[in-house]
Amino acid sequence: MFDTIHPAVEQAGLDTSSLTIWLLDGVPIRLFWRGRRWRIVDTPTRIGSADAVWHPALTHPPAGWSGWRFTASDGTATQVLDVRAVGSGWQLLAAYD
């Protein structure tokens, strides 16, 4: 009845592997994830909490954050990743097939 095609999405917290991202002029250019080297193959897009719309009843919204959405390829697989900077590292928010 409600047939919908959804891409496979991996939500934050499901992948506990390390994520290392290299930047050029503050923009991601490559990464190491799941034991493989990935190259960013599009223009990364900034994402963050500045785009969020909070309900007026929410008196203490969460702290702000910023990150990136980009398409990465390891030569055999291609995925869209959402990441955010946390401390001195990165956190995977979502991975889309």
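To start, this report covers the structure provided alongside it.

Definitions and cut-offs
Residues numbered from 1 in each chain as written. Predicted model: local features only at pLDDT ≥ 70, side-chain atom pairs only at ≥ 80, totals over all residues. Heavy atoms only, no water. Helix = DSSP H or I, 4+ residues; strand = E, 2+ residues; numbered from the N terminus. Buried < 20%, exposed > 50% of the residue type's maximum accessible area, 1.4 Å probe, protein only. Contact = heavy atoms within 4.5 Å. Areas by Shrake-Rupley, 256 points an atom, 1.4 Å probe, with all protein chains shown as cover. Patch = residues over 30% accessible without salt bridge, like charges linked within 9 Å, V, L, I, M, F, W, Y side chains within 5 Å. Salt bridge = Lys/Arg side-chain N within 4 Å of Asp/Glu carboxyl O.

1. A closer look at the overall build of the protein chain
From N to C terminus, the protein chain includes zero helices and eight strands. Reading the helices (α) and strands (β) of the protein chain from amino to carboxyl end gives β-β-β-β-β-β-β-β. Considering the protein chain as a whole, with its 97 residues, one finds that 29% of them fall into the buried category. Long-range contacts, defined as pairs at least 24 residues apart, comprise 41% of the intrachain contacts of the protein chain with a sequence gap of at least 6. As displayed, the protein chain offers around 6800 Å² of accessible surface, 56% of which is attributable to carbon and sulfur atoms.

2. Some thoughts on a nonpolar patch on the surface
On the surface, Trp22, Leu24, Ile29 and Phe32 cluster together to form a nonpolar patch covering roughly 350 Å² of accessible area. Where the nonpolar patch is concerned, the elements lending two or more residues are strand E2 (19-24) and strand E3 (27-33). Summarising the element assignment, Phe32 is placed in strand E3.

It is worth stressing that arrangement in space is one thing and function is another; only the former is reported here.
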